[in-house]
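What follows is the residue order along each chain.
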Amino acid sequence: MKSNRQNNSNKRHSRATRVVYFTLRSLIWVGAIILYYVLFSFFFDTPIEHRMKEENERMQAQYERIEARYDSLAMVLENVDARDKSVFRILFETDPYNFTNTSDAERVALHESSLNASTEQLQTNLAARISKLEKLNGKLLKNWDEILAYGVEMGEQGNNIPAIQPVINDNLTLLTAGYGTILSPFYRTMKSHQGVDYSIGEGSSVFATADGVVKEISDKNSTLGKTIIIDHGNGYQTSYSHLLESLVRKGQQVNRGDVIALSGNSGLSLAPHLHYEVRYNDMRVNPIHFFFMELSPEEYQRIIQISQSGMQSLD
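Small disclaimer: the values here were computed from a predicted structure and weren't measured.

(A) Expanded view of the overall build of the chain. Counting its secondary structure elements, the chain contains five helices and twelve strands. Of all 315 residues assigned to the chain, the portion counted as buried reaches 27%. Carbon together with sulfur atoms contributes 58% to the accessible area of the chain, which is approximately 21,800 Å² in total.

Pasting the structure below:
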């Protein structure tokens, strides 16, 4: 009986020893496999890693080619821009207007500052901007109500305020000279240009910009050539110069949009064009601000930029 218990104890001990041995051996093999994989991966690439490295190398090479191409194009554009400005200065003896919108830089700066801002800071900034916009919107609505009330009060007298361009200029590309100090094409000196010039073909239609009465039609021997002056009866007068032919007579009543003349090249003129002026209480004012009936806010901003671009007068 005692011998049987001894045998059973020996068997259990032997079984436990084999389990421990097998476990240790398995752990050694697993460790060896892991070590082999680590060493193999350190010195050699797996097929997947090899393909990924090749793909990365191809993408890197492609990126370098694109970057080189971009640098080349940027250099070409800089050269073209420099040559364009140089030609502009030679022809017009002035620097071209910079059409870069400064708000773009402000938006970039706002974006960069927002990247590092916390959520609370972003919420605070957003609330402040919304509050500012609400105040601005309230102010605009108030101004709009005042303008609307003024328009209702004026009634039909509003038709006597210049409010359109005197020529068809849908794309805003015909304006060649704005109001202000500009280079004279004949004397090559700076002079006061108290109107705007439109470069249009000879014989193009010229329109009355508001209701009024034809006050004067001058002959084509003057510096401004054949000119029509319309009195709008409210302190406003408009003049249209360098005409080819007048289609109205002195004392005639005209309405906004009526064709009053054909454009030409009469008087002291470099090329066929229309010189247009607006006068208020005998003072010449900038006609650009009297195109509000046909221009959107974006078009108004654009034509302001065009008129300030140091352009060449044609008279």
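(B) The pairing of strand 8 (residues 236-246), seen in detail. Among the eleven residues that make up strand 8, nine are buried, leaving the element largely enclosed by the rest of the structure. Of the strand pairs in this sheet, strand 7 (residues 226-231) and strand 8 are connected by five bridges, and their pairing is antiparallel. Counterpart to Asp231 in the pairing with strand 8 is Gln237. Between strand 7 and strand 8, which pair antiparallel one after the other, the connecting turn spans four residues, and Gly233 there sits at a positive phi close to 75 degrees. As judged from the six bridges shared by strand 8 and strand 11 (residues 274-280), these two strands associate in the antiparallel manner. In the sheet register, Tyr236 faces strand 11, and the bridge partner there is Tyr280. Note that strand 8 and strand 10 (residues 259-263) share three bridges and pair antiparallel. Note on strand 10: the bridge partner recorded for Ser246 is Ala261.

(C) Just the nonpolar core, in detail. One finds Tyr198, Ile228, Tyr240, Ile260 and Leu274 to be the most contacted residues of the largest nonpolar core, which totals 29 residues. Among residues more than four places away in sequence, those in contact with Leu274 are Pro166, Val167, Val196, Asp197, Tyr198, Ile200, Val206, Tyr240, Ser241 and Leu243.

(D) Representation of a nonpolar patch on the surface in the model. A grouping of Leu133, Leu136 and Leu140 is seen on the molecular surface, where their side chains present a nonpolar patch of about 310 Å² in accessible area. Relative to the elements of secondary structure, Leu133 occurs in helix 4 (residues 119-154).

(E) Representation of the packing of aromatic side chains in the model. Using the criterion set out here, one finds three aromatic pairs in the structure. Where Tyr236 meets Tyr280, the ring centres are 4.5 Å apart and the plane angle is 40 degrees; that geometry is what we call tilted. With a gap of 44 residues between them, Tyr236 in strand 8 and Tyr280 in strand 11 connect regions that are remote in the sequence. A relative accessible area of 36% places Tyr280 in the partly exposed class. Ring centres of Tyr236 and Phe290 lie 5.6 Å apart, and the angle between their planes is 70 degrees; this geometry places the pair in the edge-to-face category.

(F) Broad picture of the side chain of Arg279. Of note, Arg279 is situated in strand 11. When near neighbours in sequence (up to four residues on either side) are disregarded, Arg279 contacts Ile229, Gly235, Tyr236, Gln237, Ser239 and Arg284.

(G) A look at the pairing of strand 11. With six of its seven residues buried, strand 11 lies for the most part within the structure. Bridging between strand 4 (residues 196-198) and strand 11 involves three bridges; their strand directions are antiparallel. Residue pairing for strand 11: Val196 is matched across the bridge by Tyr276. Pairing of strand 11 with strand 12 (residues 283-285), which is carried by three bridges, proceeds in the antiparallel orientation. Each bridged residue has a counterpart across the sheet, and for Val278 the counterpart in strand 12 is Val285. Between strand 11 and strand 12, which pair antiparallel and follow one another directly, the connecting turn spans two residues, one of which, Asn281, has a positive phi of 50 degrees.

(H) Highlighting the pattern of salt bridges. Taken as a whole and judged by the stated rule, the model has three salt bridges. Taking the shortest distance from any N to any O, the salt bridge between Glu55 and Arg58 comes out at 2.4 Å. Linking Glu55 with Arg58, this pair stays in helix 2 (residues 47-92), spanning three residues, or about one helical turn. For Glu55, a relative accessible area of 35% gives the class partly exposed.

Rules behind the numbers
Residues numbered from 1 in each chain as written. Predicted model: local features only at pLDDT ≥ 70, side-chain atom pairs only at ≥ 80, totals over all residues. Heavy atoms only, no water. Helix = DSSP H or I, 4+ residues; strand = E, 2+ residues; numbered from the N terminus. Buried < 20%, exposed > 50% of the residue type's maximum accessible area, 1.4 Å probe, protein only. Areas by Shrake-Rupley, 256 points an atom, 1.4 Å probe, with all protein chains shown as cover. Pairing = 2+ DSSP bridges. Core = buried A, V, L, I, M, F, W, Y, C linked by side-chain atoms within 4.5 Å. Contact = heavy atoms within 4.5 Å. Patch = residues over 30% accessible without salt bridge, like charges linked within 9 Å, V, L, I, M, F, W, Y side chains within 5 Å. Salt bridge = Lys/Arg side-chain N within 4 Å of Asp/Glu carboxyl O. Phe/Tyr/Trp six-rings, centres within 6.5 Å; stacked < 30°, edge-to-face > 60°.

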